[in-house]
Amino acid sequence: MATLNLRNIRKSYGPVETIKGVDLDIADQEFVVFVGPSGCGKSTLLRMIAGLEEITSGDLMIDGKRVNDVGPADRGLAMVFQSYALYPHMTVRNNMAFALKLAGVPKEERDRKVDEAARILQLGPYLDRTPKELSGGQRQRVAIGRSIVRNPRVFLFDEPLSNLDAALRGQMRIELARLHEELAATMVYVTHDQVEAMTMADKIVVLQSGVVEQVGSPLELYHHPANLFVGGFIGSPRMNMLPGRIAHVDRTGVAVDVAGGARIVVPAESTNVAAGNPVTLGIRPEAMRPEPAGQLAGEVLLAERLGGLTLLHVTLTDGQVVVVQLEGSDSTRPHQPVRLLVDGEACHVFNEAGRALPHLERHPLAA
Amino acid sequence: MSSASATSVAVPPRSDTSRTPSMMPLLAPAVGVLLIWSIVPLVMTVWFSFKNYNLMDPTVSGWAGIDNYSYLITDPDFWVSLLNTLVLVGSVLVITVVGGTLLAVLFDQNFPGQGVARLLAIAPFFVMPTVAALIWKNLMMHPIYGVLGSVARGLGMTPIDWFADYPMVSVIIIVSWEWLPFALLILLTAVQSLDREQLEAARMDGAGAFAQFFYITLPHLRRAISVVVMIETIFLLTIFAEIFVTTAGGPGNATTNLAFLIYARALLQFDVGGASAGGIVAILLANIVAFFLVRSVARNLEV
Ligand SMILES: Nc1ncnc2c1ncn2[C@@H]1O[C@H](COP(=O)(O)OP(=O)(O)OP(=O)(O)O)[C@@H](O)[C@H]1O
Ligand SMILES: [Mg+2]
């Protein structure tokens, strides 16, 4: 129904360049999530797609047509704002029907469409209330309903769930995923929340300071981060980053020496590195476990028990602290010496410039 | 815990009532001043409105009964002044609210020189009514020396003698000029408190500039507008200095409002009794207006 193409999109506020050349292709019915640290330009990019912010240079294409100079209402998009931006003096019904009314749609058809949207979002009982008589989650649904009735080609969401409590957020996440399936629409979604990004996205776009760091499926980003930034940004708790040096390279991978002389072999491409190069070894918290034969030695600093998971903070011999994630409730106590066995296959090697050495084999789920 | 609640129950519930008498002397001065302040003039006005009392003619005295009132009500000047008051208040309200809203929306936009423009627009509010009226009378509207007259002559037209030909319009212009900044100030802060995302959402919904104004901005301004209307009404009912300085109520009674009529009765005709009756009518009028205004404004403020 709708594809989006961004070609070298740039945005400057005065002399400051905020978006520094973004290229992106969004396929029909795709659910794309923009993530990145605060101030990286996620909202700006979304607002440029919406037409609320002028595009300084580059081309924005919807269904292959350049729309840089098309007004926001005529791009066939709908946006859900973080603050919901409901019209406070209108009832829920009028809020949802506003766009149709402006478009001159006759009353019966308006009512029919609003009732249909209210059915999808379970808003039926609230149609005659004003926004301030609704709870946060209901307001959120009205904001979504307002965009549904216009039957847009693309939905844009700017952190729509960030004002909700954790339980409601989980529920709305499921509803949005269901809605995506039911409406079969293209969706672009901005969020801070790792879980939202990982669970809902077909494709995640990681942004930093106005630059796209990596685009890919959630598991691709998780298992094959392109660089240090993505490796550190995706995944919670964060990936452990240990400085090290390449010991030797061969066809089966790269051997890296880290803190205290431990040697870890990672099956990564070694074409562009040589022995002695300084590198960073990225180890996911779940890629380590205590084992007497482990490569890393250290002492447990703190054990966080979450019930289903245990997070061990371990001080290595060189003073660095790593986080280890274990299944279930582990009995390890603080100040206990441990050795950690590292699963080399799940580790990542980043060269001096911060780029990852590609793994020799792709993860089966990360196409 | 239990002992504390037991003692508090044991204390007789007299503490409030026993404190009241001892507080009365302390409150009395404040309440007394307030009482004298507001009640004495009112009572005196009511008192005089039933008396024959002329400053120039001490032989006329004694009770007048309702003569002052019946004389007032049968006086065509009174009805004209009542009408003039309503025309003045109504016109100025319409001009300042409509103009203030438009200016507020305008000044909310970003444009070079915004700060200076805002300052200039608000400046008239700081000019004293007498001074403002004098400036308008002598520097602006005077057919010979006035700016408007020069402009008219420059365009080859006959200058208008504003205060002779359009006295009420002239007074309305002056008073509107004084009160427009007030409306602008209140409405500008209200416009600025409007959530930008609402306007953006409306833009996404296909609302043009006019639809945004009528469907989003104007409803948002409703409370601020009702506040402006209430405050301005209270002050506009008693407009005096502008009329006194420019037209002195004339020509004839063309610009005599209730406040000026009362002044003329008391200090031009020295008829304190008749003036007091006019004052009582003015109080009643103000209260009726205030009653409806406060009710409608209070309803708006609840939202
Ligand atoms: N109107 C503006 N004028 C100047 N700079 C702006 C403007 N709007 C945004 N910026 C700058 O652009 C950068 C990106 O802002 P943006 O709102 O897109 O960040 P974001 O990624 O959405 O952050 P957050 O996650 O906190 O919402 C920021 O550094 C911000 O200061
Ligand atoms: Mg943002």
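Rules used in this analysis
- Residues numbered from 1 in each chain as written.
- Chains lettered and ligands numbered in written order.
- Predicted model: local features only at pLDDT ≥ 70, side-chain atom pairs only at ≥ 80, totals over all residues.
- Heavy atoms only, no water.
- Salt bridge = Lys/Arg side-chain N within 4 Å of Asp/Glu carboxyl O.
- Helix = DSSP H or I, 4+ residues; strand = E, 2+ residues; numbered from the N terminus.
- Buried < 20%, exposed > 50% of the residue type's maximum accessible area, 1.4 Å probe, protein only.
- Polar contact = N/O pair within 3.5 Å; in protein donor to acceptor, adjacent residues only side chain to side chain.
- Pairing = 2+ DSSP bridges.
- Axes fitted to C-alpha atoms, helices over the stretch in contact; angles between N-to-C directions.

Take the pattern of salt bridges next. Here the structure, examined in full by the defined rule, presents 21 salt bridges over all chains. Between Arg47(A) and Glu200(B) there is a salt bridge; the shortest N-O distance is 2.7 Å. Taken together, the residues span two chains, with Arg47(A) in helix α1 (residues 42–50) and Glu200(B) in helix α10 (residues 196–204). The pair formed by Arg47(A) and Glu200(B) is uniform in burial state, with each residue classed as buried. The salt bridge partner of Asp108(B) is Arg196(B), with a shortest N-O separation of 3.2 Å. With a gap of 88 residues between them, Asp108(B) in helix α4 (residues 76–108) and Arg196(B) in helix α10 connect regions that are remote in the sequence. Residues participating in the shared-partner salt-bridge network are Arg93(A), Lys107(A), Asp111(A) and Asp115(A).

Moving on, we come to the environment of Asp165(A). All names here are of chain A. Here Asp165 shows up in the loop between β7 (154–158) and α5 (166–183). Through-space distance from the C-alpha of Asp165 to that of Gly253 is 45 Å; in sequence the pair is 88 residues apart. Within the structure, the side chain of Asp165 is placed 2.9 Å from the backbone nitrogen of Leu168, a separation counted as a polar contact.

Another aspect to go through is the sheet that holds strand β8 (residues 186–190) of chain A. Residues and elements named next belong to chain A. The strand order across the open sheet built from six strands is β6-β7-β8-β3-β9-β10, with neighbouring strands paired in mixed fashion. On the outer flanks of this sheet lie β6 (77–80) and β10 (211–216), each paired with one strand and no other. Between one strand axis and the next, the sheet turns through 15° on average, direction left out of account. Examined bridge by bridge, β6 and β7 share four bridges and lie parallel to one another.

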